[in-house]
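Structure assessment
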Amino acid sequence: MVTLVVRDYDEAIAWYVEVLGFTLVSDIQLSGAKRWVVVAPEGGESRLLLAKADGDTQEAHIGNQTGGRVALFLQTDSFEKDYGTMRQRGVRFLEEPRHEAYGSVAVFEDLYGNKWDLLELK
């Protein structure tokens, strides 16, 4: 599981579940403003802990948690299908799909601007 700092729990849940098609694994109220929110890609082995930013320092890193590099990789076994579905749902791709020696890839942004690779390995 990897932590992803978000601005708002509900907007992040909506985007990851409705746009990317992830499953909401858990949403547990921990305290007044803190929740344990976990999402996962359908059939995936990894999960994201969506953690609401707490304070100015964390808020400043929303959408740029890796200094502008690709932060996360969404692996698929059907690149063209998933690419098309994501585009239809409004996902912003930063490039056209590339077909490299290792597989097909295209960089996209999540709702906050974090960069992801949609990736199908050969």
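Computed from a prediction, not measured in an experiment: that's the story for all the values here. (Residues numbered from 1 in each chain as written. Predicted model: local features only at pLDDT ≥ 70, side-chain atom pairs only at ≥ 80, totals over all residues. Heavy atoms only, no water.)

Here we look at the pattern of salt bridges
Threshold: By convention in these notes, a salt bridge is any Lys or Arg side-chain nitrogen within 4 Å of a carboxyl oxygen on Asp or Glu. Here a strand is any run of E in DSSP of at least two residues, a helix any run of H or I of at least four, and the numbering for each starts at the N terminus. With a 1.4 Å probe rolled over the protein chains alone, any residue whose accessible area is under 20% of its type maximum counts as buried; one over 50% counts as exposed, and the rest are partly exposed.
Within the structure shown, the criterion is met by 7 salt bridges. Among the salt bridges present, the one from Arg35 reaches Asp10, with a minimum N-O distance of 2.9 Å. Of this pair, Arg35 sits in strand S3 (residues 35–40) while Asp10 is found in helix H1 (residues 9–19), placing the two residues 25 residues apart along the sequence. Given a relative accessible area of 15%, Arg35 falls into the buried group. The salt bridge involving Asp82 is made with Lys81; its shortest N-O contact spans 3.7 Å. Exposure remark for Lys81: the relative accessible area of 56% places this residue in the exposed category. By sharing partners, the salt bridges in this structure join Asp10, Asp27 and Arg35 into a single network.

A closer look at the layout of surface pockets
Rolling a probe over the atoms, with the probe sized like a water molecule, indicates the empty space that remains. To keep things clear, this is the line we draw: Buriedness of a pocket was judged along seven lines, with at least five required to meet protein on both sides within 12 Å; pockets are open sets of points on a 1 Å grid over the protein atoms alone, cavities are sets where a 1.4 Å probe fits but cannot get out, and lining residues have an atom within 4 Å of a point. Grid points are joined across faces, edges and corners, and a volume is the space filled by probe spheres set on the points. Any residue outside Ala, Val, Leu, Ile, Met, Phe, Trp, Tyr, Cys, Pro, Asp, Glu, Lys and Arg is labelled polar, Gly included; the first ten of those are nonpolar and the last four are charged.
Its boundaries defined by the atoms lining it, the largest pocket holds a volume of some 690 Å³. In terms of lining residues, the largest pocket is bounded by 26 residues, among which Phe22, Pro41, Glu42, Leu74 and Gln75 are the most central. Among the elements of the structure, strand S5 (70–75), helix H3 (79–88) and strand S9 (115–121) are those that each provide at least two residues to the lining of the largest pocket. Broken down by class, the residue content of the lining of the largest pocket amounts to 12 nonpolar, 7 polar and 7 charged. Estimated volume of the second largest pocket: approximately 200 Å³. Considering the residues around the second largest pocket, the lining is formed by Tyr9, Leu30, Ala33, Lys34, Arg35, Trp36, Leu49, Leu50, Ala51, Lys52, Ala53 and Asp54. Only S3 and strand S4 (48–52) provide two or more residues apiece to the lining of the second largest pocket. Looking at which element gives the most residues to the lining of the second largest pocket, the answer is S4, with 4 residues. Within the lining of the second largest pocket, the residues separate by chemical class into 8 nonpolar, no polar and 4 charged.

Quick word on the packing of aromatic side chains
Basically, it comes down to this: Stacked, edge-to-face and tilted labels apply to pairs of Phe, Tyr and Trp rings (six-membered ring for Trp) whose centres lie within 6.5 Å, assigned for plane angles under 30 degrees, over 60, and everything in between, in that order.
Applying the stated criterion across every chain, the model contains 8 aromatic pairs. For the pair Phe22 and Trp116, a centre-to-centre distance of 6.2 Å together with 70° between the ring planes defines the contact as edge-to-face. Pair noted here: Phe22 is in the loop between H1 and strand S2 (23–29) and Trp116 is in strand S9, with a separation of 94 residues, a long-range link. Neither Phe22 nor Trp116 differs from the other in exposure class; each is buried.

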